[in-house]
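One letter stands for each residue in the lines below.
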Amino acid sequence: MTVLVIVTFIVWLAAFLIPSGAYQHDENGVPVPGSYAEVSSPQDFGERVGDFFKAPVNGLYGLQDPETGFVRPFGVGSLFGAVGVFAFVLAIGAFMTMVLATGALDVAIGKLAYAMRGRPWLVIVAVMALFSLLGTTMGWADETLGFYALLIPLLLALGYDRMAVAGMIIASTTVGAMASTVNPFSIGVASEFANTGIGDGIGLRWVGWAVLTAITIAYVVRYAERAKANPNRSLVGFLPDDAELVKKEESASHLTLTGRQKIILGITTFTFVLLVFSVIPWDSIFHLSVEVDPVTHVPLPHDPWWNLGWWFPELIALFLVASVVVGLVAGFSEKQITGNIARGFGDFIGAGVAVVLARGVTVILNNTQTIDTILSWMENAVSGTSAVGFVGLVFIINTGIAFIIPSSSGHATLAMPLLAPLGDFADVSRPLVVTGWSWGAGIARFVTPTSAVVMAGIALAGVRYDRWIRFIIPLMAILAVVSVVMLGIAAALE
């Protein structure tokens, strides 16, 4: 939280130095290439000071006025704040605290850890491969916040540290979303604004996903095994609480699950399976409808009943209801059920606040109208370059843009109408421009402080931000070099 407050202040100061500007937009709200012009600052000093102090409030429930584009706590417009993610984190906290209070998860994790003691690294490989696959196909990201309470005790029991947990979850989902193949919320939106099909260029994207995911898994496994073999090489160390948790899981491995605990594990499994199933855009995968709304994530009408199209409101309700059901199955009293829910909210509130602060940073840039200026700099930087140079610049520049626009769909909506026509002049196909944009934007999200996945994830894992930076920077450098090389080769072969 301290890091995010500092970042908010630095961005607020930078907004005084970056000129305000705006693009003209077509009837669909898409920026028109070459139409950028500087404008007078939309805020005086007092309004900017007010925005700084209200950044967390706007980051929670600020509304974006459709006419002016400004984000304010009250008024009319679409939700810009991250109250959905915030409430989702708290709901997960309530559910996991309830499940842990039954003891069912401790016994199951202890038995799994005992069974995997010969090849514990297989757990990391399996989870990372699955999360990366979900990331490349459906943008699996915020949904992973519910898995920390499951995977932290498991990996600690297997001898790994908390950084291995953070790396396993954050790195796998981020590289999957970075190397998106058919993700409708990034590749789908970007392809639409580039006037190309979502399947165009998919061969390179699948190759890129396989290569980048393999590198990421190998990197995390290598660190985890080294820290396990020599605890002194751990970037986060092993806390006394970790040792107590390991002893608890080891002792639980000799226990037998009761009938109630088996039912609770079934409910837990069903809840997480339903989470995954409900957010998959089946209509896009099987071409059951034309598109999915990138803002509300609601599928178009006339889809099959099983295409649920759930998002945060439904997922919050799912975990809260499941919390009560688990409490009833466990035989808890009303006081115990409400107490566990309240305790779960408290345990996860830090991660929720991190999400809100991260979103507040973006609000400051939006209200000072400096985002379009930064996009204009990008447009000028890539103009008139060679094919190989163009894709390299697309990658590098969008890495920077992603720091201030955490939403992949929002980033695509703003950047692709500018980049796609420029690619035509550089003799770079539009599908390759989309791929270069995705890889460049995605790599920044390993560390960007405006990302809920990163900031809430490390908070849940108990990892400091500076230690996370130290862990992930070498991997980012490797992935960046490999990505640029693959993009350059693809551009040269076109």
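## Concerning the layout of surface pockets
Thinking step 1. Taken as a whole, the second largest pocket spans an internal volume of roughly 600 Å³.
Thinking step 2. Around the second largest pocket sit 22 residues that line it, and L100, A149, I152, D347 and F348 are the ones nearest its centre.
Thinking step 3. Sorting the residues of the lining of the second largest pocket by element identifies α4 (83-102), α7 (148-157), α11 (240-252), α15 (334-367) and α20 (452-461) as the ones contributing at least two each.
Thinking step 4. With 6 residues, the top contributor of residues to the lining of the second largest pocket is α15.
Thinking step 5. Among the residues forming the lining of the second largest pocket, the class breakdown is 12 nonpolar, 3 polar and 7 charged.

## What about the sheet that holds strand β5 (residues 78-79)?
Thinking step 1. An order of β4-β3-β5 is seen for the 3 strands of this open sheet, with the pairing classed as antiparallel. For this open sheet the edge positions go to β4 (71-72) and β5, each flanked by a neighbour on one side alone.
Thinking step 2. Relative to β5, strand β3 (residues 63-64) runs antiparallel, the two being bridged by 2 bridges. Bridged to L63 within β5 is L79.

## Some words on the side chain of T368
Thinking step 1. Position of T368 among the secondary structure elements: in the loop between α15 and α16 (371-382).
Thinking step 2. Excluding its chain neighbours within four sequence positions, the residues that come into contact with T368 are A15, S20, P42, Q43 and R48.

## Considering the packing of aromatic side chains
Thinking step 1. Evaluated as defined, the whole model comprises 21 aromatic pairs.
Thinking step 2. Ring geometry for W12 versus F16: centroids 5.0 Å apart, planes at 90°, classification edge-to-face. Residue W12 and its partner F16 are both found in helix α1 (residues 2-17); the two are separated by 4 residues, about one turn of the helix.
Thinking step 3. A relative accessible area of 11% means that W12 is categorised as buried.
Thinking step 4. The exposure class of F16 is partly exposed, given its relative accessible area of 37%.
Thinking step 5. On the numbers, 5.2 Å between centres and 70° between planes, the contact of F131 with F147 is edge-to-face. Taken as a pair, F131 in helix α6 (residues 121-138) and F147 in the loop between α6 and α7 lie far apart in primary sequence, 16 residues in all. The burial state of F131 is the same as that of F147; both residues are buried.
Thinking step 6. What links up through ring pairs into an aromatic cluster is the set F88, F95, F131, F147, F272, W311, F312 and F319.
Thinking step 7. Positioned above the aromatic ring of F16 is the side chain of R48, whose terminal nitrogen or guanidinium carbon lies 4.7 Å from the ring centre.

## As for unusual backbone geometry
Thinking step 1. A positive phi angle is found at N195, which is not glycine, with a value near 55°.
Thinking step 2. Its identity as a non-glycine residue notwithstanding, Q369 has a phi of 55°, on the positive side.
Thinking step 3. The residue Q369 is located in the loop between α15 and α16 in this model.

## Brief notes about the pattern of salt bridges
Thinking step 1. Scanning all chains against the criterion turns up 4 salt bridges.
Thinking step 2. Ionic pairing is found between R430 and D424, a salt bridge with its closest N-O pair at 2.6 Å.
Thinking step 3. Exposure remark for D424: the relative accessible area of 40% places this residue in the partly exposed category.
Thinking step 4. Between D466 and R464 there is a salt bridge, with the nearest N and O atoms lying 2.6 Å from each other.
Thinking step 5. Given a relative accessible area of 39%, D466 falls into the partly exposed group.
Thinking step 6. One network of salt bridges, in which partners are shared, links R464, D466 and R467.

## Focus on the nonpolar core
Side chains of a nonpolar character, in soluble globular proteins, are inclined to be buried together.
Thinking step 1. Core analysis: the largest hydrophobic core is formed by 154 residues, its most contacted members being F446 and W468.
Thinking step 2. Beyond its immediate stretch of four places on either side in the chain, F446 contacts A171, T174, V175, M178, V454, W468, I472, L475, M476 and L479.

## Here we look at the packing of α16 against helix α18 (residues 408-425)
Each pair of packed helices can be summarised by the angle the axes make with each other and by the distance between the axes.
Thinking step 1. With their axes 10 Å apart at the nearest point, α16 and α18 run at an angle of 15° to one another. As far as their axial angle goes, α18 and α16 are roughly parallel. Handedness of the crossing formed by α16 with α18: right-handed. Within the contact between the two elements, α16 uses I371, L375, M378, E379 and V382 and α18 uses L414, A415, L418, L419 and L422.
Thinking step 2. Residues belonging to the contact of α16 with α18 are distributed by class as follows: 9 nonpolar, no polar and 1 charged.

## Some words on a nonpolar patch on the surface
Thinking step 1. Taken together, the side chains of F9, L13, F16, L17 and F45 present a nonpolar region at the surface, about 540 Å² in accessible area.
Thinking step 2. Inspection of the secondary structure puts F9 in helix α1.

The rules behind each value
Residues numbered from 1 in each chain as written. Predicted model: local features only at pLDDT ≥ 70, side-chain atom pairs only at ≥ 80, totals over all residues. Heavy atoms only, no water. 1 Å grid on protein atoms, 1.4 Å probe; cavity = no way out; pocket = protein on both sides within 12 Å on 5 of 7 lines; lining within 4 Å. Points joined across faces, edges and corners; volume = space filled by probe spheres on them. Helix = DSSP H or I, 4+ residues; strand = E, 2+ residues; numbered from the N terminus. Nonpolar A, V, L, I, M, F, W, Y, C, P; charged D, E, K, R; others polar. Pairing = 2+ DSSP bridges. Contact = heavy atoms within 4.5 Å. Phe/Tyr/Trp six-rings, centres within 6.5 Å; stacked < 30°, edge-to-face > 60°. Buried < 20%, exposed > 50% of the residue type's maximum accessible area, 1.4 Å probe, protein only. Lys NZ or Arg CZ within 6 Å of the ring centre and 35° of its normal. Salt bridge = Lys/Arg side-chain N within 4 Å of Asp/Glu carboxyl O. Core = buried A, V, L, I, M, F, W, Y, C linked by side-chain atoms within 4.5 Å. Axes fitted to C-alpha atoms, helices over the stretch in contact; angles between N-to-C directions. Parallel < 35°, antiparallel > 145°, perpendicular 65-115°, else oblique. Left-handed = near helix turned anticlockwise from the far one by under 90°. Patch = residues over 30% accessible without salt bridge, like charges linked within 9 Å, V, L, I, M, F, W, Y side chains within 5 Å. Areas by Shrake-Rupley, 256 points an atom, 1.4 Å probe, with all protein chains shown as cover.

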